[in-house]
Structure formats: C-alpha cells, structure tokens
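Here's the letter readout for the chains.
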Amino acid sequence: MNVSTSALGVRRRKPTTQNIDDEENAATLLLGPEFQLTQLTNSGEEEQLIALNLSEARLLIRAALKERKNKNQANREFEDEDDDNAKEDEISNMDLAGPNSNEIMHKTLNYLSNFSRFKNSSSTETVEKLLNDFNFSTSEPLHPFELAQLGTLECEDAEEAKSLIPSLTNKVSDVQLQTLLTELRKYQTLS
C-alpha cells in the first residue's frame, strides 16, 4: 500500500463546532453576506437585494438568450412583439440556447422549465405583485429570499409552508399565509 509520507505526522484541524441550538433554530434566517438586504453594486452604490423565484429566473434567462439569438441573426426579419410572446413557450431550450452552448446552460434551462410554477410572463408578473402586496400586509417584512421561496415552492397549506420556510413562523399568521397560497395556486401553470 502506498502512503504519502507528506501526510504522516500532520494533524488535521477539527472543524469549529457551533452551538447545537443555533444549528437547529431555523426560525431565524442565518444567510451569508450575499443575502444582506442592502448590497453594493460594482460602482459602489447601495441597492436593495433582489431574490428571484424559479419562474422569474426562467423568464430572465430565456429573454437574455432570445435577445442574444436575435443579435446573432441580423438578417432575420423582426416579428412583432405579440407573435414573439405567443411563441415564447414553443421555442425549445435547445433551439434557444443554440447548438454551440454548453451542457450547463442546457441543464439549467431544463431544470427551470421542469420546476418553475408559472410559465408565462403575465402570471409571473401577477405573482410578483401578489408577493409584494403580501409582504406589505405582514407584521414584519419578509426577506426577499422568503418571498422567492414562497413563489417557488408548491406548498399546499400554511403548515407545510412554515415547515419548509421556518423563518415565517413568527412573521405571518396561518390565515394570511393560506390565503396567499390559494391565490398563488390560481396562477400556476400546469404542463
């Protein structure tokens, strides 16, 4: 058996242990610095944190790829915007990303297509408005990450939502949360 001699006599550092109660207390959001509510832009200006649910991420990536594809096809005639929106879901991920795109782009697009709840832009915009209105009606403002999770997860009832997003427990009543979940379900795209 070959054993590296450089590893002999080297003691490994033990990971720092946190208080077990801190690890199990999920009612408090303990997110890293990338999730602070106020972010610094590249130009040094402060900006509010934006968190996207999967449906919003899907629409943004598809719009960016569609714009890139249109720029690459300068000879193509431009269709009017209504036709573009009608055809948006008909364009496959492979066609949109292009044959020369990498595997990660294809996997990302497929993941977003499979798991996004709201497939068209009108329902996604309506859901964003619902979530923002809901945030203003709560006793304590929700973190953008919590709002994004509410827009992504398909929770059946308030109890399930609070078990998946434990930080909602002290911020939102079950009645408010159940009303929101019922409204979100109306705009969900089944496909």
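Residues numbered from 1 in each chain as written. Predicted model: local features only at pLDDT ≥ 70, side-chain atom pairs only at ≥ 80, totals over all residues. Heavy atoms only, no water.

Chemist: Whenever I open this one, the overall build of the chain confuses me. Can you help?
Modeler: For the chain, the count of helices and strands is nine helices and two strands. Tracing the chain from N to C terminus, the helices and strands come up as α-β-β-α-α-α-α-α-α-α-α. Buried positions account for 28% of the 191 residues belonging to the chain. Across the chain, contacts joining residues at least 24 apart in sequence account for 62% of those joining residues at least 6 apart. Summing over all exposed atoms, the chain offers an accessible surface of approximately 13800 Å²; the carbon and sulfur share of this is 51%. (Helix = DSSP H or I, 4+ residues; strand = E, 2+ residues; numbered from the N terminus. Buried < 20%, exposed > 50% of the residue type's maximum accessible area, 1.4 Å probe, protein only. Contact = heavy atoms within 4.5 Å. Areas by Shrake-Rupley, 256 points an atom, 1.4 Å probe, with all protein chains shown as cover.)

Chemist: Could you clarify how one ought to interpret the confidence of the model for the chain in this entry?
Modeler: Where the model shows low pLDDT, its predicted coordinates should not be examined in detail. Of the residues in the chain, 74% reach a pLDDT of 70 or more, and the chain-wide mean stands at 79. Confidence scores differ between elements of the chain, with helix H3 (residues 81-87) showing the lowest mean pLDDT of 46 and helix H9 (residues 174-187) the highest of 94. Below pLDDT 50 for its whole length, residues 78-86 participates in four contacts with residues either more than four positions away or in separate chains. (pLDDT = per-residue confidence, 0-100.)

Chemist: Help me understand the nonpolar core in this model?
Modeler: General note: in soluble globular proteins, nonpolar side chains tend to be found buried as a group. With 17 residues, the main nonpolar core has Leu-150 and Leu-177 as its most contacted residues. Contributing elements (two or more residues each) for this core: helix H6 (121-137), helix H7 (144-152), helix H8 (158-164) and H9. By residue number, the principal contributor to this core is H9, which donates four residues. Leave out the neighbours within four places in its chain, and Leu-150 touches Arg-117, Leu-131, Phe-134, Leu-142, Ile-165, Leu-168, Leu-177, Leu-180, Leu-181 and Leu-184. (Core = buried A, V, L, I, M, F, W, Y, C linked by side-chain atoms within 4.5 Å.)

Chemist: Where do I start with the packing of aromatic side chains in this structure?
Modeler: When we look at a pair of aromatic rings, we describe it by the centre distance and by the angle of the planes. Applying the stated criterion to the full structure yields one aromatic pair. Ring centres of Tyr-111 and Phe-115 lie 4.8 Å apart, and the angle between their planes is 45°; this geometry places the pair in the tilted category. Of this pair, Tyr-111 and Phe-115 both sit in helix H5 (residues 103-115), four residues apart, roughly one helical turn. With relative accessibility at 44%, the residue Tyr-111 sits in the partly exposed group. (Phe/Tyr/Trp six-rings, centres within 6.5 Å; stacked < 30°, edge-to-face > 60°.)

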